[in-house]
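# A structural walkthrough
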Amino acid sequence: FAFVVKPRVVASTRTPTRTSSKLFVANDFDADADLAAGGGLPVVPSGDCLLFDPAIEGKLGGSGILEQRLQHGVAYDDSFIQTTLEASSPETVLGTPITTITTAAPPATTTTDQQLVDAQHWLEDIGVPSPFAKNNKPVEAKLLGRTRLIGDDAPGDIQHILLQLPKGMHYVEGQSISVIPPGINEQTGKPLHKPRLYSIASTRYGDLLDGQTVSLCVRRAQYMDPITNQPDPTKQGICSNFLCNATPGQTIQVAGPVGKTMLLPTDPNKDIIMVATGTGIAPFRAFLHRLFMEHTVARHMFTGSAWLILGVPTTSGLLYPQEIQAMQQNALPGQLRVNYAISREMTNTIDGGKLYVQHVLAQHADELLSKLESGAVIYFCGLKGMMPGILESLEQVCASRGLDFATQLAKWQANHQWHVEVY
């Protein structure tokens, strides 16, 4: 662990607590002297837990398991934390009122609450994982549970899918995995269907906090017959319907993880702006859980602000609203801002028409541009049809302020402030 001391913390005034000869590094610098000498803010030596010791201040609760995890990394034998659904049921994991849910039988082993929370710290230094499996050689995951996320009167069907991954398959927030629907081409012997890439909707620890699950936010792709106004099964999305119809315990072929485009900034002081439509909220759910829900170093160190702009057609179509409300309660005042663009129920102040995410950006243009000028990082995720309206809106915003949008966009992209993942 290597931390930069924030201005509000004077590291030299804290009495060190030795927890391990391997982890402890004496605090032999004088913060005031370093500052007086023009050295800037002193850096806590690598391996020092003086500023923040997860074994004491985090959810590890003094169990001592942190040191074992640091020594062994991803090779740590975590078989004892095979989490049961009884210990952490999907009703609480999925974070939304559930009227009906199907779950797989729990694993044979059990765990204690302490073992469960210990899992929340051992994947902090895995970097950006390379693919554990490739599309031509997928591995088997198992469906643990799924639930509908939106109201019955909301258009379509969106489900939260919880999968148990094979041991050793890890990912980080902002990455994606591939799902390969079942079926073999009898003539070629190859998979009948192409892999479908899904943004991951959970943190690296998963919704069960055991580091062995992944969650997806999946819209069932359907084609509505204009004459009968009913779904045409011959034109439905193969992979999305497969996932939304899967039964508990069913094996699912997956590959990955992949992706470096949508990762959180490495600088915990950076402001982040997240613009999503529908299931595009998936990576941002992972971001927000990491920054405002889980008791990890990442949450402790985050001093920036987060701004979520989510577009949906109806209020009953809002995704994870209870979770987002809890995140706002956990955040410091003003640290997490949420704007909903509910197109069928709200009007914009630009032309009086329906409110979409691009209108929210335009209505708060001065603040948006100010944040970007200060180094904020902006992410876009959702259907590819969202981007033309957003780009046009931002171009108009820049032009009205004497700015050339193409120049601004090139600058944001060069500074790694602009990230887009659409499908």
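Everything numeric here is computed off the predicted structure, so don't read it as measured data.

### Some remarks on the overall build of the protein
A tally of regular secondary structure across the protein gives 13 helices and 12 strands. In the protein, buried positions account for 49% of the 423 residues. A fraction of 72% describes how many contacts in the protein between residues 6 or more apart in sequence connect residues 24 or more apart. Split by element, the accessible area of the protein, about 19,700 Å² in all, is 52% carbon and sulfur.

### Considering the packing of aromatic side chains
The description of two aromatic rings rests on the distance between their centres and on the angle between their planes. Within the structure shown, the criterion is met by 7 aromatic pairs. Geometrically, the ring pair formed by F284 and F287 is tilted, given 5.8 Å between the ring centres and 55 degrees between the ring planes. In this pair, F284 and F287 both sit in helix α7 (residues 282-292), 3 residues apart, roughly one turn of the helix. Measuring from ring centre to ring centre gives 4.7 Å for F380 and W418, while their planes differ by 50 degrees; the resulting arrangement is tilted. Of this pair, F380 sits in strand β11 (residues 377-382) while W418 is found in strand β12 (residues 418-422), placing the two residues 38 residues apart along the sequence.

### Re the pattern of salt bridges
Under the defined criterion, the tally for this structure stands at 12 salt bridges. Across the salt bridge formed by R285 and D207, the nearest N and O atoms sit 3.2 Å from each other. Here the residue R285 occupies a position in helix α7, and D207 occupies one in the loop between β5 (196-199) and β6 (213-219), the gap between them amounting to 78 residues. Of the residues examined, R285 reaches a relative accessible area of 2% and is grouped as buried. D207 sits in the buried class, given a relative accessible area of 11%. Bridged by salt links that share partners, the residues E124, E173, R204 and R290 form one connected network.

### Regarding the pairing of strand β9 (residues 306-312)
Taking burial as the measure, the 7 residues of β9 include 7 buried ones, the bulk of the element. Bridging between strand β8 (residues 272-277) and β9 involves 6 bridges; their strand directions are parallel. Looking at the pairing, A276 lines up with L310 of β9. Bridge count between β9 and strand β10 (residues 336-342): 7 bridges; the pairing is parallel. Bridging from a neighbouring strand, G311 pairs with A341 of β10. Read as a crossover between parallel neighbours, the route from β9 over helix α9 (residues 321-330) to β10 is right-handed.

### Considerations on the side chain of S343
Assignment of secondary structure puts S343 in the loop between β10 and α10 (357-363). Apart from residues lying up to four places away in sequence, S343 is in contact with V312, P313, K354, L355 and Y356.

### Considerations on unusual backbone geometry
Between G256 and P257 the backbone carries a cis peptide bond, its omega angle lying at 5 degrees. With respect to the helices and strands, the residue P257 is situated in strand β7 (residues 251-258). Of note in this structure, H416 is not a glycine but carries a positive phi near 60 degrees. Along the polypeptide, H416 turns up in the loop between α13 (405-414) and β12.

### What to know about the packing of α7 against α9
Across the interface, α7 lies against α9 with an axial gap of 10 Å and an inter-helix angle of 30 degrees. Relative to α9, the crossing made by α7 is left-handed. Between α7 and α9, the contacting residues are R285, L288, H289 and F292 on the first element and E323, M327 and N330 on the second. Its residues assigned to classes, the contact of α7 with α9 shows 3 nonpolar, 2 polar and 2 charged.

### Topic: the sheet that holds β9
One open sheet holds the 5 strands; their spatial order is β10-β9-β8-β11-β12, and the pairing between them is parallel. Both outer strands of the open sheet, β10 and β12, are each paired with one neighbouring strand and no more. Ignoring strand direction, the axes of neighbouring strands in this sheet form an average angle of 10 degrees. Across the sheet, α9 is in contact with β9 and β10; its angle to β10 comes to roughly 150 degrees.

### Quick notes on the side chain of R146
Mapping R146 onto the fold places it in strand β2 (residues 139-148). Buried R146, no salt bridge; nearest opposite-charge side chain is D157, N-O distance 6.5 Å. A distance of 3.1 Å separates the side chain of R146 from the side chain of Q159, its partner in a polar contact. Of note is the side chain of R146, whose polar atom sits 2.9 Å from the backbone oxygen of C244.

### Description of helix α12 (residues 386-399)
The terminal C-alpha atoms of α12, which comprises 14 residues, lie 21 Å apart, in line with the 20 Å expected from a rise of 1.5 Å per residue. When we look at burial in α12, the residues that qualify are M386, M387, I390, S393, L394, V397 and C398. Taken down its axis, α12 places every buried residue within 135 degrees of arc, on the same side. Away from the buried face of α12 by more than 90 degrees, exposed residues P388, Q396 and A399 are located.

Conventions used here
Residues numbered from 1 in each chain as written. Predicted model: local features only at pLDDT ≥ 70, side-chain atom pairs only at ≥ 80, totals over all residues. Heavy atoms only, no water. Helix = DSSP H or I, 4+ residues; strand = E, 2+ residues; numbered from the N terminus. Buried < 20%, exposed > 50% of the residue type's maximum accessible area, 1.4 Å probe, protein only. Contact = heavy atoms within 4.5 Å. Areas by Shrake-Rupley, 256 points an atom, 1.4 Å probe, with all protein chains shown as cover. Phe/Tyr/Trp six-rings, centres within 6.5 Å; stacked < 30°, edge-to-face > 60°. Salt bridge = Lys/Arg side-chain N within 4 Å of Asp/Glu carboxyl O. Pairing = 2+ DSSP bridges. Right-handed = clockwise from strand over helix to strand, strands pointing away. Axes fitted to C-alpha atoms, helices over the stretch in contact; angles between N-to-C directions. Left-handed = near helix turned anticlockwise from the far one by under 90°. Nonpolar A, V, L, I, M, F, W, Y, C, P; charged D, E, K, R; others polar. Lys, Arg positive; Asp, Glu negative; His and termini not counted. Polar contact = N/O pair within 3.5 Å; in protein donor to acceptor, adjacent residues only side chain to side chain. Expected span 1.5 Å × (residues − 1). Arc of directions from axis to C-beta.

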